[in-house]
Every structure is written in C-alpha cells, then in structure tokens.
Amino acid sequence: MSKFTEGVRTLTGGRGISQYSMIIALVVIIVLFDIITGGLTLDPTNVINMVQQYSYILILAIGMVMLIIAGHIDLSVGSVAAFVGIVVAQSMAVWHFPPALAMLLGLVTGALVGAWQGFWVAFVRVPAFIVTLAGMLIFRGLNQVIGSSTAVPTPDSYNWIGNGFLPDFGPDFGYSNPTLILGLIVLVALIWSEIRGRRKRIRMHAGVAPMWVTVVKIVILGGVTVFATYLFSTGRVGTSFPVVGIIAGVLILIYTFVTSNTVFGRHIYALGGNSSAAVLSGVKSRRVNFLLMVNMSVLAAVAGMVFIGNAQASGPFDGTNWELDAIAAVFVGGAAIFGGIGTVPGSIIGAFVMAFLSNGLSLMGIDSSWVSVIRGLVLVAAVAFDVYNKTQGRPSFIGFLFKGSGRKKPTTTEEAIEAQPQGIDKPLGDKVDERLPLS
Amino acid sequence: MANAPILEMREITKRFPGVLALSDVSMTVTRGEIHAICGENGAGKSTLMKVLSGVYPYGTYEGEIIFEGDEVRFSNTKQSENAGIAIIHQELALIPELSITENLFLGNEPGRFGVIDWDYAQSRAAELLDLVGLKEDPDTQIKTLGVGKQQLIEIAKALHKDVKLLILDEPTAALNESESQHLLDLIAGFKKSGMTSIMISHKLNEIEQIADSITIIRDGRTVETLNVATDGVNEDRIIRGMVGRSLENRFPDRTPRIGEKFFEVRDWTVQHPLDPDRLVCKNENFFVRRGEVVGFAGLMGAGRTELAMSVFGRSYGTYLGGTIHKDGREIKVANVHDAISNGIGYVSEDRKVLGLNLLDSIKRATVSAGLGKISSGGVVDALQEYAVAEDYRKRLRIKANSVEDGVGKLSGGNQQKVVLAKWMFTDPDVLILDEPTRGIDVGAKYEIYTIINELAAQGKGVVLISSELPELLGMSDRIYTIFEGQITNVLSAEEANPESLMVSMTSTRKTGPAA
Ligand SMILES: Nc1ncnc2c1ncn2[C@@H]1O[C@H](COP(=O)(O)OP(=O)(O)OP(=O)(O)O)[C@@H](O)[C@H]1O
Ligand SMILES: [Mg+2]
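All figures in this text were calculated on a predicted structure; none of them were measured in a lab. (Residues numbered from 1 in each chain as written. Chains lettered and ligands numbered in written order. Predicted model: local features only at pLDDT ≥ 70, side-chain atom pairs only at ≥ 80, totals over all residues. Heavy atoms only, no water.)

Trainee: Describe the overall build of chain B, with residues and values.
Mentor: Assigned secondary structure in chain B consists of 18 helices and 24 strands. A compact globule built from 515 residues should have a C-alpha radius of gyration of about 24 Å, and chain B, at 24 Å, falls within 12% of that. For chain B, with 515 residues in total, the buried portion stands at 57%. Long-range contacts, defined as pairs at least 24 residues apart, comprise 68% of the intrachain contacts of chain B with a sequence gap of at least 6. (Helix = DSSP H or I, 4+ residues; strand = E, 2+ residues; numbered from the N terminus. Rg over C-alpha atoms; globule rule 2.2 N^0.38 Å. Buried < 20%, exposed > 50% of the residue type's maximum accessible area, 1.4 Å probe, protein only. Contact = heavy atoms within 4.5 Å.)

Trainee: Now, about the nonpolar core: what can you tell me, with residues and values included?
Mentor: Note that soluble globular proteins tend to have their nonpolar side chains buried in a common cluster. One finds A:Ile59, A:Leu60, A:Ile62, A:Met64 and A:Val88 to be the most contacted residues of the largest nonpolar core, which totals 93 residues. In terms of residue count, the dominant contributor to this core is helix 3 (residues 44-69) of chain A (18 residues). Taken domain by domain, this core gets at least three of its residues from each of domain 1 (21-164 + 252-431) and domain 2 (167-241) of chain A. Not counting residues within four places of it along the chain, the set of residues in contact with A:Ile59 comprises A:Ala248, A:Leu251, A:Leu299, A:Val302, A:Ala303 and A:Val306. By size, the runner-up hydrophobic cluster in this structure holds 90 residues, among which are B:Ala302, B:Leu383, B:Ile451 and B:Leu472. (Core = buried A, V, L, I, M, F, W, Y, C linked by side-chain atoms within 4.5 Å. Domains from an automatic or database assignment.)

Trainee: Quick one: what's the story with the packing of helix 4 (residues 77-93) of chain A against helix 6 (residues 128-146) of chain A, residue by residue and with numbers?
Mentor: Residue and element names in this part refer to chain A. In contact at an axis separation of 8 Å, helix 4 and helix 6 are set at 25 degrees when each is read in the N-to-C sense. With respect to their mutual orientation, helix 4 and helix 6 come out roughly parallel. Considering the relative orientation of helix 4 and helix 6, their crossing is left-handed. Seen from helix 4, the contacting residues are Gly78, Ser79, Val80, Ala82, Phe83, Ile86, Val87 and Gln90; seen from helix 6, they are Gly135, Met136, Phe139, Arg140, Leu142, Asn143 and Ile146. Per-class residue counts for the contact of helix 4 with helix 6 are nine nonpolar, five polar and one charged. (Axes fitted to C-alpha atoms, helices over the stretch in contact; angles between N-to-C directions. Parallel < 35°, antiparallel > 145°, perpendicular 65-115°, else oblique. Left-handed = near helix turned anticlockwise from the far one by under 90°. Nonpolar A, V, L, I, M, F, W, Y, C, P; charged D, E, K, R; others polar.)

Trainee: An account of helix 13 (residues 285-311) of chain A is needed here, citing residue identities and associated values.
Mentor: All names here are of chain A. When the terminal C-alpha atoms of helix 13 are compared, their 39 Å separation across 27 residues agrees well with the 39 Å that a helix rising 1.5 Å per residue should span. Counted residue by residue, helix 13 has 19 buried out of 27 residues, so it is predominantly covered. Backbone geometry just after helix 13 places Gln312 at a positive phi near 65 degrees. (Expected span 1.5 Å × (residues − 1).)

Trainee: Which residues make up the pairing of strand 21 (residues 430-434) of chain B, and what are the values?
Mentor: Residue and element names in this part refer to chain B. Most of strand 21 is tucked away: five of the five residues are buried. Here strand 21 shows two buried faces, one formed by Val430, Ile432 and Asp434 and the other by Leu431 and Leu433. Bridge count between strand 18 (residues 344-347) and strand 21: four bridges; the pairing is parallel. From the neighbouring strand, Val347 faces strand 21, where its bridge partner is Leu433. Two strands pair when backbone bridges link them, and strand 21 and strand 22 (residues 461-465) are joined in this way by five bridges, in the parallel orientation. Directly across from Ile432, in strand 22, lies its bridge partner Val463. Handedness of the strand 21-helix 16 (residues 442-457)-strand 22 crossover: right-handed. (Pairing = 2+ DSSP bridges. Right-handed = clockwise from strand over helix to strand, strands pointing away.)

Trainee: Describe the sheet that holds strand 4 (residues 62-67) of chain B, with residues and values.
Mentor: All names here are of chain B. A sheet is described by the order of its strands in space; here four strands give the open sequence 2-1-4-5, paired in antiparallel fashion. Lying at the two open borders of the sheet, with one neighbouring strand each, are strand 2 (19-30) and strand 5 (70-72). In this sheet, neighbouring strand axes are inclined to one another by 25 degrees on average, regardless of whether the strands run parallel or antiparallel. Sheet topology note: the strand 1 (residues 5-16)/strand 2 ladder contains eight bridges and is antiparallel. By the bridge assignment for strand 2, Arg15 is matched with Leu20.

Trainee: Explain the domain arrangement of chain B to me, using residue names and the numbers behind them.
Mentor: Residue and element names in this part refer to chain B. Taken as a whole, chain B is organised into domain 1 (5-243) and domain 2 (261-505). For domain 1 versus domain 2, the separation of C-alpha centres amounts to 30 Å. In this assembly, 23 residues from domain 1 lie in contact with 20 residues from domain 2. Summing both partners gives a buried area of about 1,700 Å² for domain 1 against domain 2, and 50% of it is carried by carbon and sulfur. Among the residues of domain 1 in contact with domain 2, Asn41, Glu91 and Asn176 are the three that bury the most area, contributing 30% of the side total. (Buried area = accessible area lost by both parts, 1.4 Å probe.)

Trainee: So what's going on with the sheet that holds strand 22 of chain B? Which residues, and what values?
Mentor: Residue and element names in this part refer to chain B. Pairing in this open sheet of six strands is mixed, and the strands run 18-21-22-15-23-24 from one edge to the other. What marks the edges here is a single partner per strand, and that holds for strand 18 and strand 24 (486-492). This sheet shows a mean twist of 20 degrees between the axes of neighbouring strands, independent of strand direction. Relative to strand 23 (residues 478-483), strand 15 (residues 293-298) runs parallel, the two being bridged by five bridges. Counted as the bridge partner of Gly295 is Ile479 from strand 23. Its contacts with the sheet place helix 18 (residues 498-505) against strand 15, strand 23 and strand 24, and it is angled at close to 35 degrees to strand 23.

Trainee: How would you sum up the site of ligand 1? Please name residues and give values.
Mentor: Around ligand 1 sit 21 residues, and of these B:Gly42, B:Ser46, B:Thr47, B:His202 and B:Gly413 come closest. The environment around ligand 1 is built from residues contributed by chains A and B. A distance of 2.9 Å separates an oxygen atom of ligand 1 from a polar side-chain atom of B:Ser411. In the environment of ligand 1, an oxygen atom lies 2.8 Å from a nitrogen or oxygen atom belonging to the backbone of B:Gly413. Its free accessible area being 640 Å², ligand 1 has 94% of it covered by the protein chains. Looking at the shell around ligand 1, the elements that each hand over two or more residues are helix 1 (45-52) and helix 15 (412-425) of chain B. The leading source of residues in the shell around ligand 1 is helix 1 of chain B, at three residues. Its residues assigned to classes, the shell around ligand 1 shows six nonpolar, 10 polar and five charged. (Near = heavy atom within 4 Å. Polar contact = N/O pair within 3.5 Å; in protein donor to acceptor, adjacent residues only side chain to side chain. Areas by Shrake-Rupley, 256 points an atom, 1.4 Å probe, with all protein chains shown as cover.)

Trainee: Could you give an account of the pattern of salt bridges, with specific residues and numbers?
Mentor: Opposite charge on two side chains allows them to pair when their charged atoms are near. All names here are of chain B. A complete count under the given rule lists 34 salt bridges over all chains for this structure. Arg438 is the partner of Glu349 in a salt bridge, and the nearest nitrogen-oxygen pair spans 3.5 Å. You can see Glu349 sitting in the loop between strand 18 and helix 12 (351-355) and its partner Arg438 sitting in the loop between strand 21 and helix 16, a full 89 residues away along the chain. With relative accessibility at 23%, the residue Glu349 sits in the partly exposed group. Assessed through its relative accessible area of 14%, Arg438 is described here as buried. Bridged by salt links that share partners, the residues Glu8, Arg10 and Glu64 form one connected network. (Salt bridge = Lys/Arg side-chain N within 4 Å of Asp/Glu carboxyl O.)

Trainee: How would you sum up the side chain of B:Ser46? Please name residues and give values.
Mentor: For B:Ser46, the location among the structural elements is in helix 1. For B:Ser46, a relative accessible area of 17% gives the class buried.

Trainee: Account for the pairing of strand 9 (residues 165-169) of chain B, naming residues and giving values.
Mentor: Residue and element names in this part refer to chain B. Taking burial as the measure, the five residues of strand 9 include five buried ones, the bulk of the element. Here strand 9 shows two buried faces, one formed by Leu165, Ile167 and Asp169 and the other by Leu166 and Leu168. Two elements, strand 6 (residues 85-88) and strand 9, share four bridges in a ladder whose sense is parallel. Pairing of Ala86 across the sheet is with Leu166, part of strand 9. The pairing of strand 9 with strand 10 (residues 196-200) spans five bridges and is parallel. Of the residues in strand 10, the one forming a bridge with Leu166 is Ser197. A crossover connection joins strand 9 to the parallel strand 10 through helix 6 (residues 177-192); in handedness this β-α-β unit is right-handed.

Trainee: Can you lay out the confidence of the model for chain A for me, pointing to particular residues and giving the numbers?
Mentor: Residue and element names in this part refer to chain A. Here chain A shows a mean pLDDT of 82. Residues at 70 or above account for 82%. Averaged pLDDT values for the elements of chain A fall to 33 in helix 18 (residues 414-433) and rise to 97 in helix 5 (residues 99-123). Across residues 12-17 the pLDDT falls below 50, and counting only partners more than four positions away or on other chains, this stretch makes 10 contacts in the model. Scored below 50 in pLDDT, residues 392-439 makes 96 contacts in the model with residues more than four places away or belonging to other chains. (pLDDT = per-residue confidence, 0-100.)

Set out below in structure tokens:
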C-alpha cells in the first residue's frame, strides 16, 4: 500500500475510512443545504438555535453508543428524559426547590431509573431491548401521572441551562468575547494534543504518520474551530456560545476519553466483541452492564433537563422518538449492530448529520412528515452504504467521490478484510456465553 | 500410473494490505492422490486453499488455476463447489443450535419452491453419516456432539455434493488420536474410491502415514514438493523443509527443579450447567508444586476443560463445593477476576470463541487480561501498552506487520500465540494451558515448550492439558489421568508411558482419590 493511503488511514484514526467518510458526508450535507437555503443553514442564529434544539441527540448518542458497543440498546431514553424533566419541573414548581437542587434531584432520579433497568439487564439478564421497551412505557406513563398530562413551566433562573449563553464581558469588539476565548482554548488544545500524540507515537517507535498528515489534520480541525468560533461570536446581540453546547462538549470530551483510554472503556469493547472471552479475561460483565445502563439513564436525565430549560416547561410529550434519533446517530456514525464496534466521536458526527438534515430540510420549508421520511431513508442508505462497502471491499464514501481517479476495484480489499471476520465469528461467541455463569 | 494432474496452481500471488501472503506459489496435484501441504504458521497454507476454493475470488490474486484441464476463475465458493471442489475450513462452521440434518443441508436445502423436502433430507442425511462412519441420530443437535464428530459432519456435508477434490485444512487439530485415526482411515477410503484430497496438517506423523506427496510452503513461497514413495520422506525431512534446518529435539531440554506443593484443589465438586443431576467433578483433588509441569491426560470429553474452567473462577458449571489453597492458605476464587488476582491464568482451548475478541488489535488483545498492570487510576498507559505488546510479539515471534494489526487477520497459529501472550502478561503463578499447541507448527511448538519450561524454571506451576500423549510425556513431571470427570490416577514421569496412561484414561477410579 502506498504511503498516501497509509497517511489517509492515520488521518481517519486507523479505524478504516468510514469515520472519515462520515465527516465528508457531513460537510457535503452542510454545504449543500447552505447553498440551497441561500446561506440560512450557516447563519449564526440558525447554528445557535440548532445547538440548543438538538443538543439532546448529542448527549443521548454518547450513552447510546456505549451501550451499543457493549451489545445492548436503550429504547427508553426519551421517556426517561421526560420523566426526569417532569420531576425536576415539579420539584421547582411545587416544592420550590432551587434550580441547583432540582438538577441534582434530576441526576439522582436518572441514576435510580438506570439502576432499575440495569438490575434487570445485568443481573437477571433480561435483554436490554425488552427491559427498556418496558421502561419506555413505564416512564412515559409516570411522566403523565406526575404532571397530570399537562405542561409544567420552569422558572427563568433554571432555564439558563437550556437556553442561556456564556455571559459577555470585557470591551466590545463586535464579537462575543467569551466565545472568542473558548475558541482560542479549543484551538490551542487541539494543536497541543495533536503534537503530543505524535511525540508519543515517535517514542513508541510505532508507525508515525508523515508530517503532512499531522499538518493537514491540524489545518482542517483548526479551520473548523475558527469558523465555528466566528459563527458563534457573531450571532444576535446578547447571544454567544450556548450553555448546552458547553455541557455537550464537556461530556463528549470526557466520554471520548473514557471509551478510548480507560480500563472501563476497554471492558465495554471487550464485552461487545466477545462476551465469553471478556468474562474469561476477568471483565466483570454484570458490573459493566449495570454501570452502562445507569450511565445511559443519567445522560438521558441530563438531556431531559436541558430540554425543558430550552422549552421553558416540561410537557407530557417531551422526548418522543428521542431513542430513534440517538440510535440513528450511532449507526450513521459507524457502529455495528452486533456490538464491539463504534466510537463516541463517530456517533457525534452521526448526530450532526441527522441534526443538519432535519434542520436543513425544515429550513427549506419541507413538511415535517416528509422530513421524517427522508431521515429514515438516509439512515438506511448510510448504514447500507457502510455495510456494502465493507463487504465489497471498496473504499467507502471518499473512494466514491474520487471514483475513476486511479484505483480499480480488486486492489481495495482492505476494508473487506477488516470487516470480514467480525460478522462471521461473532454469533458463536454469544452461544457459548450461555455456558458461562454470570460474573 | 502417470496420471494427469487434476489440479495445477500456477504462480499464485496473493497480497493483503501490507502482507504478501503468497508469492508465486505453484503446486500440482495428481488425480487420486492425497496431497499434503506443510508449512509454519502463517506460511500461507490456508490462504492458498482459500484462493483455490473461491473464498478469495478471481481477480483478488494473481496466477492461474487449472482444474480438470481447464482454467477456472471462481468468483465464489458456490462455483468451486459446483466444479467439484469442497473445502473444510480450519475453523468449524456448523451451527450449534441446529440438528445434524439441518446443518448438513444448510445452504443446499433439498426441495422445491423453497419448501424443504424433509423426508429426502432425512434419508440422505442417514446415507451421508453412514459414509463417514458416524452412528448418530440425524436429529441430534450439533452442540451436544464433540469436536471429533462435528468434524465428521463437516466432511459429510462436503460429500453431499459430487466431490472430486476434497480440501481439509487441519482436520485433526482438535481431535484425539483415535478420532484422528478414524478420520485418516476415512480419507484413505475416499482415495480408494477415486477421490483426490488435499490435506493441511501440523501433525507430521499423520502426513507421513497418509500422504502421497507433500508440498512445503515457507513464507508464502513453495519450497519443494516431495514424493513420499520415492523421496524417502520422514518427519525430520519435512521439518527441514518447513523451517530450513533440522530440529534436533522435539522437546527442549530441562532439568526440573521442583519445589514444595503450593497450589492445591481439594474436594472439588461441580454440577453440570444445564443438567442439575449431573456432576462434572466429584470430590476431585489435585495439586501443583513450584517449578512443576503437571499434565492432565484424558480422552476428548473426559472433563479436563470443565475441571480447569471451574477452578478458574468458576467459569464452568455450578460450584457445589471444594476449596483452593495457595501457599498454604485457602484462597477465595469466586470469579475470574479473583482468579487472575490470585495468580491463576487459563489459556482456553478454543481461542476464537473463548480466547480472543477478534475485533481487537494484537496490542489490545495482549493486554486485555492484564489491564491493571499498565494502567493507573483506571487510565490505560498507551506507551506501556505498546511496549508490552511489542515485546511479546518479538518474544513469541508472532507473525504480523505491527501490533496494531487486527487479531482476526492472523493465521490460526499466530492467534494462539497472542492468547498465550495475553496470559503470560498477567504473570500468573499457576498457568493452566488447555491444548496450547493445537494448530501450531513444529517450530512454534518448540518455542511454546521452551516458554513452559521457562515458567517452570521461574518457580511457577504449569498445568498442561493435552490430547497429544507424546506432548504430555515429553513435557510433564507428573500426569493426572481423567476419565468421565474423575481423576483416576496420577503417574510420575518415570511411570508414565502411552500404555499406562491409556489404561487410566479409559477406566474408572480403582484406588482411592488420587493424591
Ligand atoms: N484476511 C487477511 N488479512 C490480512 N492478512 C491476512 C489475512 N489472512 C491471512 N493473512 C496473513 O497471511 C499470512 C498467511 O496466513 P494463512 O492463514 O494462510 O497461514 P497458514 O499457513 O494457514 O497458518 P496456520 O498454520 O497458522 O493456520 C499470515 O501472515 C496472515 O497474517
Ligand atoms: Mg491455516
């Protein structure tokens, strides 16, 4: 294989080309909609709105991808978010909890819900699909019981977490200062981590990507950061980077780290890849599964709390179909249905794809029913494309874009082989699991 | 007797990203013969057979294949099957939940318009089972059968079609001697009826016994083709071809320095996981001394794996009673985590199902059971991880481009080495090895034996479960025999020989509990 393809592989994080193609797809979607809507898509106001409106998908996608990697799923996230939302809203409206205490109550409620579902999944071994299908009904019902099927408004002091912005300060340059500072911090952190990563690989004597790869990566990511900073700092007066954006951003960073750099993260992948082998390597599967379920419900609680802040009320139909948004984001982001494969950043990109799609289509004035149809089609198409490419051994999206510019089909077995053993060998792993006692 | 060749493979070259798996390999197979392919792990044997059978379709390799006088260009396995080439892969591919009949006709269901003709299937299944000499009810579920029988079913499945060329990739790797012998007899029988076979095996004695000619592959290149009748082939001759030098001994020299008894299992009683009326172990006792290699001999299904796994953190069956003692103290080993932290390691016999996550890279797999050693505060140190994996890759000579390669792509033998690396890295005091050399070439076997000896020399205890008696006899200081879940006898290295072992492996406990 040429140096160049090696370089491209490293650019994509060594996990094949799929994640990279998702980024390209995202850029294409954004640019396309921006052109069609005459610049509305990338209008600062719209982008800020989107962050506030769709951050729940980002937050849920984080927990969902972890569950899906481990071979589970959670259908109850929308109902749990709505349930926590009503508990939080009621606590402030009826018991006059201060917002901070209400949020704490929300997180605890989320954890308890997660513990309930986690108990069934991890200890009784009821499939998560069933447990959370039940949870979907239970917590939707409880939301409506507690709120008497009506909307409960939330106070302004609370709503800040959903619709607030970083407070402005300092001299007025015509840009929002906190956003500029945030942008700068992100930019510096990015360059620093890139260089550090490079150093590390050199010290390991591991295959170090050519310098141009690092430079290209920094230029692209840096460019995106600068552009985003520009967008967020030039919105309407009084706006800057939304608080929910910070919440989502911090969660993404933390969980990216957890999934890729910690023992717990390894255990998640191990369980999803081959649960019997994982158990025989000392992974405490019950504990990991339990924690994953708790984690998901806590994240659903966060999503629910952010959402009611933005909506300024908790209602009986909050969170409807959220599970589908989150699951779609995860699969568009390259996760595998049989577990073991997926990443947090990939799912975030998937979430962006789904969000920009909805937003762009509705900006175009397309009826919401059709938006739903189109989103469904995109989900199938995206995953089918991924699967097809893996089995056919073609480079995915990117190869498609540059089709004809050189490579013929037989040379590109890389991804085919990468994908090959996975699907084939998996089922057996699960079969044997039955022989192993819980651990 | 100068038969026309049934198959010619000419200058086959097959590349994987970063790996040249086959380079100009040529091979000629005479009609009606049994043709063996030998070579070290990762030499390219399985790849060559996958090229031949269309697993890697025409166009993904270079070179030509002439079968029955015509050039063939298979784009999938269906086409090669229709041409009369059947392959039985290194890894069994039966579906454990389905019955024998269902498995036999999977993908080839007899019947019309999608409706399966079960009557025909049943009678044909009986015929096929008869052909391979298997007396089983065709309705039996696959998962209730041992590996040996499953292997026969794979063959029966292949025979359903009109087979001219039968390819067997390490068919006896998981079988014990009598099962292997049955299989070899079967192949010899097929030869009498005119079928040609290609067989890959690391068991050189079998090859010597049954092959008419032998093609030796080294590092993706053909080294030579030997004619058994005229070239005076024996095992040493084959080994020389495979590794390029002769191997003086099959087992490395060792002066055992055996210390005190430090690991002991007492009154171990375990219930079958599905059938509460059945005990898989009943008051079993065994111990290991420091620096000792303890063998466990038994027939397939005797319960050695079950015993080992249940000791290893109760990973098999339901624990009913018994204690484990280490260094004079009773230790609590309620799960695998406890076992590992108490210095017990278990290398499973089934690397694909129980040993590895095939989605992992070599690096991730190597550290997967010992993450605690390279992490602090729950965060994995990537530098150390790499260093550790790289160290084991070199020490065990794992054939791969880098430790970032996926384990799913490695050849079978190299996967086995990764599993070994994984457990060596946990630095156990007692390492249980369950069929550690299954599917491993002679050179690598020697390396693994050397590793076992090193572990013993460090004062660790090694438990070696093996179905190959020569291996047990060559390596162990003491051998326990197991029959139907019971330890029937224990023999010292001096007392043990194939006959004495065989007697204890096939009869119930005569004396009291072995000590
Ligand atoms: N799908 C794949 N992708 C990349 N490399 C591969 C793939 N399959 C095999 N290889 C590589 O090709 C080489 C030959 O592998 P092959 O499985 O043919 O070996 P083998 O001779 O059958 O070994 P063993 O005796 O261990 O089964 C090995 O280096 C292996 O790592
Ligand atoms: Mg092989």
